[in-house]
Amino acid sequence: MPKRKWILGLLISFGVSLLISAAITYNDWCLNPGGIFQNEQSGTQWAFVWETFFSWFFPLFVLISAILLLVMLIVYRIRRKA
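As the structure is a computational prediction, the values presented were derived from the model and not from experiment.

Caption draft 1: Spatial organisation of the overall build of the protein. Helix and strand counts for the protein come out as two helices and two strands. When the helices and strands of the protein are placed in sequence order, the string is α-β-β-α. Over its C-alpha trace the protein gives a radius of gyration of 18 Å, far above what one expects of a compact globule, namely 12 Å for 82 residues. Within the span of the protein, comprising 82 residues, buried residues form 20% of the whole. Relative to all contacts within the protein whose residues are 6 or more apart in sequence, the contacts with residues 24 or more apart total 70%.

In structure tokens form, the structure reads like this:
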């Protein structure tokens, strides 16, 4: 499979992971379970917000990349044989 296709797959995985992680983090920030994301005295606790974002982003990026690149490789091989 050409190098451009691998890079495209990684960029798509990055974008999808970014959007999903941002949505989940925003939802947690709005729900504010246990008051860990924000409070009246000090406002938003950005350390918890970023920790939540990255704890979702990295595993999602690995998982989505693996699935997407595997599917792309299978499709590439099927098209090449046809």
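There is more to say, and it comes next.
Caption draft 2: Just a nonpolar patch on the surface, in detail. A surface patch of nonpolar side chains, about 300 Å² in accessible area, is lined by L8, I12, V16 and I20. With respect to the secondary-structure elements, V16 resides in helix α1 (residues 3-31).

Caption draft 3: Main features of the side chain of T52. Relative to the elements of secondary structure, T52 occurs in helix α2 (residues 46-81). On the basis of relative accessible area, T52 is assigned to the buried category, the value being 14%. Among the polar contacts made by the side chain of T52, one reaches the main-chain carbonyl oxygen of F48 at a distance of 2.8 Å. Contacts of T52, omitting those with residues within four sequence positions, involve T25, D28 and F37.

Caption draft 4: Looking closely at unusual backbone geometry. Despite not being glycine, N32 shows a phi value in the positive range, around 50°. Residue position: N32 is located in the loop between α1 and β1 (38-39).

Caption draft 5: Structural view of the confidence of the model for the protein. For the protein, mean pLDDT is 93; residues scoring 70 or higher make up 100% of the total. Within the protein, the lowest mean pLDDT, 88, falls on β1, and the highest, 96, falls on α1.

Caption draft 6: How the structure looks around α1. With 29 residues, α1 ought to run about 42 Å at 1.5 Å a step, and its terminal C-alpha atoms sit 42 Å apart, in line with that. Along α1, the residues classified as buried are G9, S13, S17, S21 and T25. Looking at the buried residues of α1, the elements they touch are α2. Positive backbone phi, approximately 50°, marks N32, located one or two places after α1.

Conventions adopted
- Residues numbered from 1 in each chain as written.
- Predicted model: local features only at pLDDT ≥ 70, side-chain atom pairs only at ≥ 80, totals over all residues.
- Heavy atoms only, no water.
- Helix = DSSP H or I, 4+ residues; strand = E, 2+ residues; numbered from the N terminus.
- Rg over C-alpha atoms; globule rule 2.2 N^0.38 Å.
- Buried < 20%, exposed > 50% of the residue type's maximum accessible area, 1.4 Å probe, protein only.
- Contact = heavy atoms within 4.5 Å.
- Patch = residues over 30% accessible without salt bridge, like charges linked within 9 Å, V, L, I, M, F, W, Y side chains within 5 Å.
- Areas by Shrake-Rupley, 256 points an atom, 1.4 Å probe, with all protein chains shown as cover.
- Salt bridge = Lys/Arg side-chain N within 4 Å of Asp/Glu carboxyl O.
- Polar contact = N/O pair within 3.5 Å; in protein donor to acceptor, adjacent residues only side chain to side chain.
- pLDDT = per-residue confidence, 0-100.
- Expected span 1.5 Å × (residues − 1).

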